[in-house]
Amino acid sequence: MAELYLNSDLVIAPGSTTILEALSLNVPCLVFEFVKNQHEQCICMNDKGIAPFIGDFTINDEKKSKIKEVFQLKSQ
């Protein structure tokens, strides 16, 4: 997995060990909650500025807007 992460500019994944692995390799992440037991970890990573928490995995206009906002902040 390390090779895959290191060849990525960004990881979009659940708030699970996947995100922890990518972050340990300094690959930026967007975090989604795929299942309820990931909620607290997602909130914590967002609150500490480690990885933006987008919400649960259902995509709607609000989440699309939040993703665009994250990309705009990163490109500045």
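Residues numbered from 1 in each chain as written. Predicted model: local features only at pLDDT ≥ 70, side-chain atom pairs only at ≥ 80, totals over all residues. Heavy atoms only, no water.

Student: Please clarify how the nonpolar core should be interpreted in this entry.
Tutor: It is characteristic of soluble globular proteins that their nonpolar side chains tend to be buried jointly. Counting residues in each nonpolar core, the largest one holds 12 residues, listed as Tyr5, Val11, Ala13, Ile19, Ala22, Val27, Cys29, Val31, Cys42, Met45, Ala51 and Phe53. Mapped onto this core, the elements with two or more residues apiece are strand S1 (11-14), helix H2 (17-24), strand S2 (29-33) and helix H3 (39-47). Ignoring sequence-local partners within four residues, the contact set of Ala13 consists of Thr18, Ile19, Leu30, Val31, Phe32 and Phe34. In this structure, Leu30, Phe32, Ile54 and Val70 belong to the second largest nonpolar core, which totals 5 residues. (Core = buried A, V, L, I, M, F, W, Y, C linked by side-chain atoms within 4.5 Å. Buried < 20%, exposed > 50% of the residue type's maximum accessible area, 1.4 Å probe, protein only. Helix = DSSP H or I, 4+ residues; strand = E, 2+ residues; numbered from the N terminus. Contact = heavy atoms within 4.5 Å.)

Student: Sorry, what's going on with the environment of Ile67 here?
Tutor: Relative to the helices and strands, Ile67 is located in helix H4 (residues 61-74). Along the backbone, Ile67 and Phe53 are 14 residues apart, and their C-alpha atoms lie at a distance of 9.5 Å. For Ile67, the contacting residues outside a window of four places in its chain are Leu30, Phe32 and Ile54.

Student: What am I meant to see in the pairing of S2 here?
Tutor: If a strand is regular, its side chains alternate between the two faces of the sheet. Among the 5 residues of S2, 5 are classified as buried, and the element is accordingly described as predominantly covered. The side-chain alternation of S2 yields two buried faces, one formed by Cys29, Val31 and Glu33 and the other by Leu30 and Phe32. Chirality of the crossover, the property in question, places the unit of S1, H2 and S2 among those that are right-handed. Bridge count between S2 and strand S3 (residues 53-56): 3 bridges; the pairing is parallel. Its bridge partner lying in S3, Val31 is registered against Phe53. Regarding topology, H3 serves as the crossover connection from S2 to the parallel S3, and that connection is right-handed. (Right-handed = clockwise from strand over helix to strand, strands pointing away. Pairing = 2+ DSSP bridges.)

Student: Is there a simple way to think about the environment of Leu20 in this case?
Tutor: The residue Leu20 is located in helix H2 in this model. Expressed as a C-alpha distance, the spacing of Leu20 and Met45, which sit 25 residues apart in the sequence, is 10.0 Å.

Student: In this structure, what is going on with the packing of aromatic side chains? I would like to understand it.
Tutor: In this description, an aromatic ring pair is defined by two values, namely the gap between the centres and the angle between the planes. Evaluation of the coordinates by the stated rule reveals 2 aromatic pairs. Through successive ring pairs, a cluster of aromatic residues spans Phe32, Phe34 and Phe57. (Phe/Tyr/Trp six-rings, centres within 6.5 Å; stacked < 30°, edge-to-face > 60°.)

Student: So what exactly am I meant to see when it comes to the environment of Phe32 here?
Tutor: Residue placement: Phe32 occurs in strand S2. By relative accessible area, Phe32 is classed as buried at 2%.

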